[in-house]
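Coordinates in review
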Amino acid sequence: MSTSREHLAQQLAEAVAEALRADLAHQDRALLVVSGGSTPVPFFHALAAKSLPWARVDVTLADERWVDESASDSNARLVREHLLTAEAAAANFVPLTTDDDTPEQGAAAVGERLAGLSWPASVVILGMGDDGHTASLFPDSQELPLALSTEATVVAVRTPSQPQARITLSADRLHQAKRHVLHINGEGKRSKLAAALGGDDVQALPIRAFLACPLAIYWAP
């Protein structure tokens, strides 16, 4: 990994730790919403090393593939292996899947599970794909208009570009945070972000749904 990406991960971990400490100073619990993929792994490692009252922190995901938690491409597995370690293992992790066969069947139960958490979240950390998607808000998904407009907590998503069905926090729920962060690496992602900033068609580049709110952008080459 490049030194700049490692440095960025450390900076982001420090900022998130400070945000959690600030909120926990005047509330019982704090909620952190993270994203999956390879980009956040060094950030997870750096955050796990922070001294925090982890037992008062709830962690959940922006989105998830509808796979078993033991699957190699499970975001929950990623979080358990890279973030919920050492002292951070005391955090309360809230997954986005159930034993139901499909996300459509499990969405209501997941929504109820999440509703009891400390919203607004202290921090929502988003990623972005090369197609401009964030969470599981994909440009080619027929559920995108619903996910962008509903007040429901989560939405079941199926999209031609992805092999598995998914579940995602709705745009409305993702907006319910005190702080929003976009964590991306590479020139390709920077170019896509520039394109997103240059227009307003959210259907074409769903990351645009979050560019109007205060968004801290953490980028490294």
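Treat the numbers as computed from the prediction; the structure is a model and nothing was measured.

**Comments concerning the packing of helix H1 (residues 3-24) against helix H2 (residues 41-48)**
For the pair H1 and H2, interaxial distance at closest approach is 8 Å and the crossing angle is 50°. For the element pair H1 / H2, the angle class is oblique. Taken as a pair, H1 and H2 cross one another with a handedness that is right-handed. Touching Glu6, Ala9, Gln10, Leu12, Ala13, Val16 and Ala17 of H1 are Pro42, Phe43, Ala46 and Leu47, all from H2.

**A word on unusual backbone geometry**
Cis rather than trans, the peptide bond between Trp119 and Pro120 has omega equal to 0°. Along the chain, Pro120 turns up in the loop between helix H4 (103-115) and strand E5 (123-126). Look at Ala86: it is not a glycine, yet its phi comes out positive at around 50°. Within the fold, Ala86 resides in the loop between helix H3 (75-82) and strand E4 (92-94). The phi dihedral of Ala135 is positive, around 50°, even though this residue is not glycine.

**Here's the deal with the side chain of Arg173**
Mapped onto the elements, Arg173 comes out in helix H6 (residues 171-175). It turns out Arg173 is buried and unbridged, and the closest side chain with the opposite charge, Asp172, is 5.2 Å from it. Only 3.4 Å separates the side chain of Arg173 from the side chain of Thr153, close enough to count as a polar contact. Beyond its immediate chain neighbours, meaning those up to four positions away, Arg173 contacts Trp119 and Thr153.

**Quick notes on the pattern of salt bridges**
The full count for this structure, using the stated rule, is 11 salt bridges. Across the pair Arg179 and Asp23 runs a salt bridge, and its minimum N-O distance is 2.9 Å. On the criterion of sequence distance, the pair formed by Arg179 in the loop between H6 and strand E8 (180-185) and Asp23 in helix H1 is long-range, its members being 156 residues apart. Residue Asp23 is classed as buried on the basis of its relative accessible area, which comes to 3%. Here Arg77 and Glu81 are joined by a salt bridge, their closest N and O atoms 2.8 Å apart. One end of the pair, Arg77, and the other, Glu81, are both in helix H3, 4 residues apart, so they sit about a helical turn from each other. The exposure class assigned to Arg77 is partly exposed, which follows from its relative accessible area of 30%.

Reading guide: rules and limits
All residue numbers here refer to positions counted from 1 along the written sequence of the relevant chain. Thresholds applied to this predicted model are a pLDDT of at least 70 for local features of residues and 80 or more for the giving and counting of side-chain atom pairs; totals over whole chains, interfaces and linings are not thresholded and use all residues. Working from all heavy atoms in the structure, the side-chain values ignore hydrogens and water. Axis angles are defined between N-to-C directions and span 0 to 180 degrees, where every axis is a line fitted to C-alpha atoms and, for a helix, only to the segment in contact. Secondary structure elements follow DSSP: runs of H or I no shorter than four residues count as helices, runs of E no shorter than two count as strands, and numbering proceeds from the N terminus. Our angle categories are set so that under 35 degrees counts as roughly parallel, over 145 as roughly antiparallel, 65 to 115 as roughly perpendicular, and the remainder as oblique. Here a crossing is taken to be left-handed if its near helix is turned anticlockwise relative to the far helix by less than a right angle, and right-handed if that turn runs clockwise. By the convention used here, residues are in contact when the closest approach between their heavy atoms is within 4.5 Å. The buried label goes to any residue with under 20% of its type's maximum accessible area, the exposed label to any with over 50%, and the partly exposed label to all in between, with areas taken from a 1.4 Å probe on protein chains only. Positive residues here are Lys and Arg, negative ones are Asp and Glu, while His and the chain termini are left out of the count. Whenever a carboxyl oxygen of Asp or Glu lies within 4 Å of a side-chain nitrogen of Lys or Arg, that contact is scored as a salt bridge. Each polar contact in these results corresponds to two N or O atoms within 3.5 Å; when the atoms are within protein, one needs to be able to donate a hydrogen and the other to accept it, and residues that are neighboring in sequence are counted only if both atoms are side-chain atoms.

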